[in-house]
2 protein chains.
Amino acid sequence: MFVARNFLGLAGGVALCLATLFGFAPAQAQTDPLPSWNDTAPKAAIVAFVEKVTTENSPDFVPKPERIAVFDNDGTLWVEHPMYTQLAFALDRVKAEAAAHPEWKDTQPFKAVLEGDMKALAAAGEKGLMQLMMETHADMTNDEFQKVVSDWFASARDPRFQRPYTQLVYQPMLELLDYLRANGFKTFIVSGGGIEFMRPWTEQVYGVPPEQVVGSSIKTQFVMRDGRPTLFRLPQVNFIDDKGGKPVGINQHIGRRPIAAFGNSDGDLEMLQWTTMTGGSVRFGMLIHHTDAEREYAYDRNTDFGRLDMALDAAVINEWTVVNMKADWKEIFPRK
Amino acid sequence: MFVARNFLGLAGGVALCLATLFGFAPAQAQTDPLPSWNDTAPKAAIVAFVEKVTTENSPDFVPKPERIAVFDNDGTLWVEHPMYTQLAFALDRVKAEAAAHPEWKDTQPFKAVLEGDMKALAAAGEKGLMQLMMETHADMTNDEFQKVVSDWFASARDPRFQRPYTQLVYQPMLELLDYLRANGFKTFIVSGGGIEFMRPWTEQVYGVPPEQVVGSSIKTQFVMRDGRPTLFRLPQVNFIDDKGGKPVGINQHIGRRPIAAFGNSDGDLEMLQWTTMTGGSVRFGMLIHHTDAEREYAYDRNTDFGRLDMALDAAVINEWTVVNMKADWKEIFPRK
C-alpha cells in the first residue's frame, strides 16, 4: 500500500514535471471551467475580468493576496425561497422543543409556529422573528449548536425539491467558486445568515473554510464548565451582516477590500458599492436575478425578502453584471 | 528579459523536479530553523510538537487546515514596556493634534499628556485612557486612520533602543512563525491591541496578512462620502480582544479551535486554556516570561500591565512551555 501510493505519487510527479518543463498545459485548462453557464454576456464578463487581473505585466494585474472575492449566500449561492433556510431551521427547532415548553401553545410567536399559522407569524414582525431566533440559537455552547445544525441538515428536506438544503446550491456558482480559486482568488462568504449556521457545511459544499465565512452573529461568552473551557451562546445580537453591515463585516474579518463581489438583493448593495466603486482599478460586481419560476423562483422588486430593487438600478449605473438565471444558466442545481 | 526569466524559471523547475523525483530534501531542511533559540527545553518542546502533528500516520497527526496557531502580540511578538506601543502612538497623536484643540491645555487627560505628567495620566484611569483612545483613533475613515498609523511608524522611535517599533520584534518568534508556516500552519495574531493599528505592518514584519489579524476594535459605519463608499470610525468600543474575549475573537474570526497558542500575560490565560484544554488531543501552549532586564525587560507578577501571574500558575498545571527569555533566547531582536 505504502509502496503503491509512493509509486502513484512519483508517476504524478513525473507527469507534472514534464508538463512544467516542456510547457504542456494541464488537460483541464483546455476544458470549459464554467460548463453550466450558457455562452452569454455574464460568462464572457467573468472570464474577461479573471484574465485581466491574472495577466502579469498587464496594467490591471492584481497580485494573488489581493484577489479577494466575496459571495452573499442566500439567493446567491443557494435557494432562499419560499423562506430562508435558517428560518426553516428555527421553525423546526421550535417544533422539536415544544414538549419542553408547554407555555408555547399559548404564546406568540411560538403558537403561530406550532399551528403552522404563517399569517400570525408574519404579524409577530421583526420582534417575533428575533424571539424565535434567540430561543432556537442561544443558551447552549457553540459546539452544541453546531451539532444541532449538522443534525438538522442531515435530515431536513426542501418541501418543493425534496432534496437536502445543501444540495439546493447553484451549480454555476459552484463552478465559479472553483474557477476563481483556480486563478488564485481567496473566496469568502459574506452573508446576512448566521455565521455558525453556515460554518458546519460551507467547506464541504462550497470549498469555503470556516475562517472565510463572515455572517451575522449573537454574542458568545467564554465560560469554564465542568473544568472545560466553552463558548456559551447568549440571546443577544452581536452583529448583523446585512446592507451597510456587509462592508463593516468584510473589513473586520478580511481587512482588505475585495476585487469581486456577488450578490442578489438590496442587502448586497453596499457590499457591491464597497467592492467596485474605487475610482479606477478593475473590479467586478455581479447580481443574480431570479427569473426562472420553472426551474427555481422568479422575484425581484415584488418580494418581501431577498428584494432586488435599488441594487438592480445601481447595477446599470455601476456596470455590474446581472445574471438572468433563466437565460444564462444551463443547469441550476448539481445533478443528483 | 522575458527569455532570461523563463530560462531561470525553467532551471528552477528542473532542480525542483529532480529533488521531488529523487527524494532530495531541500537544503534548508538540514539547517536549524530556530537559530536564535538556545538548545534548551522550550526549543525541544516546539520541535517535538511540530513533528508529532505533521507526521502522517501518527495518532497525533493533524491535517493542514486544522493547523491553526495563535499569537498574542504585545510582549509575545514585540516589546510592550515601558508602555504599549499603541499608547505611545496615542500620546504622540494628542501632541500632534493639540494646536487644533486649545481646550486640551486645561482638560484631563489631555493636559497630562501635553505636560508629560504620567502620574496625572495614570490618575485619569481607564476612563481617561478610553477618552484618549477614542479621540485619537476615531472620527475619520479607516483609510485615513491606516495612513496616520503608517506615517507614525515610519518616524517614531522607541526611546530606550532608538529603533523603529517594528524592529523591536523578537527574532526567535519571527523564526518560530516561519517554522510553523513551513510546516503547514496558518499563523494568526490575536491581540488586545487595535486590529487596524496592526494591519498596516503585520504582513511585512511578521508575514501575517490582514485577514489573519484578530484584535480589539471600535465600531465602524458604512457611509457614502462625496459619492465614494467609506468606512467611518466611530468613537465607540466594538470589541475588546483580551482575556475571555480572546477565545470569543478566535471563534468569531477563525471558527476553528487552534492547536497552538503563544502568549505572555494573564490576558492570554483564556486563549491558552481554550487552545489546550481539549481533553486528549495534542496541543501546545507557550508563555514568554520576561526575565532579561539587560537585553529587554524583567517583569511578571510585579507589573501594572502585561502581568504574568495566574497564567504562570496555570502553566504548571496545564504543562504549558514557559520561555525564560534570558536563558532560552540567543538573540532578542533582529540584527540591524
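See above for the structure.
Position numbers for residues start from 1 in each chain and track the written sequence from start to end. Lettering for chains starts from A, numbering for ligands starts from 1, and both go in the order in which the items are written. Local features in this predicted model are restricted to residues whose pLDDT is 70 or higher, and side-chain atom pairs enter the listing and the counts only when it is 80 or higher, whereas totals over whole chains, interfaces and linings include all residues.

Draft legend 1. Main features of the packing of helix H10 (residues 245–253) of chain B against helix H11 (residues 269–276) of chain B. Residues and elements named next belong to chain B. Two elements in contact, H10 and H11, have axes separated by 7 Å at closest approach and are oriented at 55°. Viewed along their axes, H10 and H11 adopt a mutual orientation that is oblique. Residues Lys-246, Pro-247 and Ile-250 of H10 pack against Glu-270, Met-271 and Trp-274 of H11. The residue classification treats Ala, Val, Leu, Ile, Met, Phe, Trp, Tyr, Cys and Pro as nonpolar and Asp, Glu, Lys and Arg as charged. All others, Gly included, are polar. Of the residues contributing to the contact of H10 with H11, the split by class is four nonpolar, no polar and two charged. Where helices are involved, their axes are fitted lines through C-alpha atoms of the stretch in contact, as for all axes, and angles between N-to-C directions lie from 0 to 180°. The secondary structure listing takes helices from DSSP runs of H or I that are at least 4 residues long and strands from runs of E that are at least 2 residues long, numbered from the N terminus. Here the angle decides the label: under 35 degrees means roughly parallel, over 145 means roughly antiparallel, 65 to 115 means roughly perpendicular, and every other value means oblique. Residue pairs are scored as contacts if the distance between their C-beta atoms, which are placed from the backbone, is within 7 Å.

Draft legend 2. Structural view of the interface of chain B and chain A. Chain B puts 34 residues into the contact, and the matching count from chain A is 34 residues. Listed by contribution, the elements that provide at least two residues to the side of chain B that touches chain A are helix H1 (2–22), strand E3 (213–225), strand E4 (228–239), H10 and H11 of chain B. When grouped by side-chain class, the residues that make up the side of chain B that touches chain A number 16 nonpolar, 13 polar and five charged.

Draft legend 3. How the structure looks around the pairing of strand E5 (residues 260–263) of chain A. All names here are of chain A. Neither face of E5 is exposed, since Ala-260 and Phe-262 on one face and Ala-261 and Gly-263 on the opposite face are all buried. When DSSP finds two or more bridges between two strands, those strands count as paired. In this structure, E5 lies alongside strand E6 (residues 284–291), joined through four bridges in parallel fashion. Paired with Ala-261 across the two strands is Gly-285, which belongs to E6. Look down the strands so they point away from you; if the path from the first strand over the helix to the second goes clockwise, the crossover is right-handed. Crossover E5 to E6 through helix H11 (residues 269–276) is right-handed. Using C-beta atoms placed from the backbone, we call a residue buried if 20 or more other C-beta atoms fall within 10 Å of its own, exposed if 12 or fewer do, and partly exposed for counts in between.

Draft legend 4. Layout of the environment of Arg-199 of chain A. Along the chain, Arg-199 of chain A turns up in helix H9 (residues 195–206). With 23 C-beta atoms counted inside 10 Å, the residue Arg-199 of chain A sits in the buried group. With sequence-adjacent residues up to four places away left out, Arg-199 of chain A is seen in contact with Pro-210 and Val-213 of chain A together with Gly-255 of chain B.

Draft legend 5. View of the relation of the copies chain B and chain A. Copy-to-copy superposition: least squares on the C-alpha atoms, limited to residues that have pLDDT of at least 70 in both copies. Mapping chain B onto chain A leaves a residual RMSD of 0.0 Å; the transformation is a rotation of 180° accompanied by 0.0 Å of translation along its axis. As the rotation angle and translation indicate, the two copies are arranged about a two-fold axis. In this assembly the copies share their binding face: 100% of the residues contributing to the interface of chain B also contribute to that of chain A.

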